[in-house]
Amino acid sequence: MKEEYCRAVARKLDLSRKDKQRVLEDLADTFEAGREHGQTEEQIAEHLGPPEDFAREINLQLGGKRKRLCLLLGCFCGVLCLAFAATAVFLKGAMTGGLFPQDAIGGAVTVTAIEVVGNPGISPLMILVLLSLAAGILAVILLRRFKATGRNKQ
Amino acid sequence: MEDRYLRQFKKGSLEMILLSLMAQGETYGYEIITRLNEHGGGVMGMAREGTIYPILYRLEENGLIRCRVAPAPANGGSRKYYSLTDLGEKTLLELAEFWESYSRCVEEFLQPVRQRRKEEEL
């Protein structure tokens, strides 16, 4: 019961390694101390409450630095996503507007232009779209994580 | 009354209460929570490890308490024992003084409310 409870808590803790270790050590000691005072592991687990609630409370109080990092990185990825998307839109617009040929990888004010012969496999536009998508997905994950550690069940 | 008002209220005093428990002598997590619940459970609500551990970590990081790891009596493992540092004792005294003047001040604000309540009941 104790091992199961501690494992369940460990799965839900979102803390630095140091904080996670000390929480789990103290949790194990709570079980030991409770047993010394005549409680069963089931009684101790009931007193502690559901493992996910226990972990949530700990995350809420101790997860501050990670939470701020999630927010910072999430916003940064969001900005990157928009930047890549804007660049892709501009590039697409430029190509469509005939500013330079679709397969060109560069251009010049004069008639000089570099044109790729053969298919490079993946266009710069596609790369930008993929990067934008990846940054967007990462932003969503990080911001959801930030929101999750900020939610208070009580 | 909404729970969150009580929660905010209790939050501010919990550190002072924990320091005062540790001022009585070296103690450990389970004992702290047991004593907290025995003496204050009816008013403060039952204290939980998930709330108390982070406060203890914070107090230790801020130098108000110290932690000594010693063998646990029963199982050969180890246990953390907490006690106040000099800074913790000083801080506790200051908090206790502040609490006295703070509660007097709040009581002055509440006095007219109590008075009005008494008059309405009569």
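Residues numbered from 1 in each chain as written. Chains lettered and ligands numbered in written order. Predicted model: local features only at pLDDT ≥ 70, side-chain atom pairs only at ≥ 80, totals over all residues. Heavy atoms only, no water.

All names here are of chain B. An ideal rise of 1.5 Å per residue puts 18 Å on 13 residues; helix α3 (residues 49–61) measures up with 18 Å between its terminal C-alpha atoms. The complete set of buried residues in α3 reads Glu-49, Gly-50, Ile-52, Tyr-53, Pro-54, Ile-55, Leu-56, Tyr-57 and Leu-59. Backbone geometry just downstream of α3 places Gly-63 in the positive-phi region, at approximately 80 degrees. (Helix = DSSP H or I, 4+ residues; strand = E, 2+ residues; numbered from the N terminus. Expected span 1.5 Å × (residues − 1). Buried < 20%, exposed > 50% of the residue type's maximum accessible area, 1.4 Å probe, protein only.)

Moving on, we get to the pattern of salt bridges. Applying the stated criterion across every chain, the model contains 16 salt bridges over all chains. A salt bridge links Arg-58 of chain B to Glu-15 of chain B; the shortest N-O distance between them is 3.4 Å. Here Arg-58 of chain B is found in helix α3, whereas its partner Glu-15 of chain B is found in helix α1 (residues 3–23), with 43 residues between them in sequence. In this structure Arg-58 of chain B comes out as partly exposed when scored by relative accessible area, which is 31%. What makes Glu-15 of chain B partly exposed here is its relative accessible area of 27%. Residues Glu-107 of chain B and Arg-114 of chain B are paired through a salt bridge, measuring 2.7 Å at the closest nitrogen-oxygen approach. Here Arg-114 of chain B falls in the partly exposed class, since its relative accessible area comes to 41%. Within the structure, one salt-bridge network assembled from shared partners comprises Lys-2, Glu-32, Arg-35 and Glu-41 of chain A. (Salt bridge = Lys/Arg side-chain N within 4 Å of Asp/Glu carboxyl O.)

Tallied over the full model, the rule gives 1 cavity of 30 Å³ or more. Of the volumes computed, that of the largest cavity is approximately 70 Å³. Forming the walls of the largest cavity are Asp-26, Asp-29 and Thr-30 of chain A together with Gly-29, Tyr-30, Tyr-53, Lys-80 and Tyr-82 of chain B. Elements supplying a minimum of two residues to the lining of the largest cavity: α2 (17–36) of chain A together with α2 (29–44) and β3 (78–84) of chain B. Counting residues per element, the lining of the largest cavity draws most heavily on α2 of chain A, which supplies 3 residues. When the residues that make up the lining of the largest cavity are grouped by side-chain class, the tally is 3 nonpolar, 2 polar and 3 charged. (1 Å grid on protein atoms, 1.4 Å probe; cavity = no way out; pocket = protein on both sides within 12 Å on 5 of 7 lines; lining within 4 Å. Points joined across faces, edges and corners; volume = space filled by probe spheres on them. Nonpolar A, V, L, I, M, F, W, Y, C, P; charged D, E, K, R; others polar.)

What follows deals with a nonpolar patch on the surface. A cluster of nonpolar side chains, Ile-122, Met-126, Ile-127, Val-129, Leu-130, Leu-131, Leu-133, Ile-137 and Ile-141 of chain A, forms an exposed patch at the surface whose accessible area comes to about 770 Å². Tracing the backbone shows Leu-130 of chain A in helix α6 (residues 124–150). (Patch = residues over 30% accessible without salt bridge, like charges linked within 9 Å, V, L, I, M, F, W, Y side chains within 5 Å. Areas by Shrake-Rupley, 256 points an atom, 1.4 Å probe, with all protein chains shown as cover.)

All right, on to the interface of chain A and chain B then. Listed as interface residues are 24 residues of chain A and, on the opposing side, 23 residues of chain B. When chain A packs against chain B, the two sides together hide about 2,000 Å² of surface, and 46% of this comes from carbon and sulfur. Our enumeration of links across chain A and chain B arrives at 5 salt bridges. Of all elements in the fold, only α2, α3 (41–48) and α4 (51–62) of chain A reach the threshold of two or more residues within the side of chain A that touches chain B. Residue contributions to the side of chain A that touches chain B peak at 12 residues, all from α2 of chain A. (Contact = heavy atoms within 4.5 Å. Buried area = accessible area lost by both parts, 1.4 Å probe.)

With 90% of its residues at a pLDDT of 70 or more, chain B shows a mean pLDDT of 87. As a predicted assembly, this complex carries a pTM of 0.67 together with an ipTM value of 0.77. (pLDDT = per-residue confidence, 0-100.)

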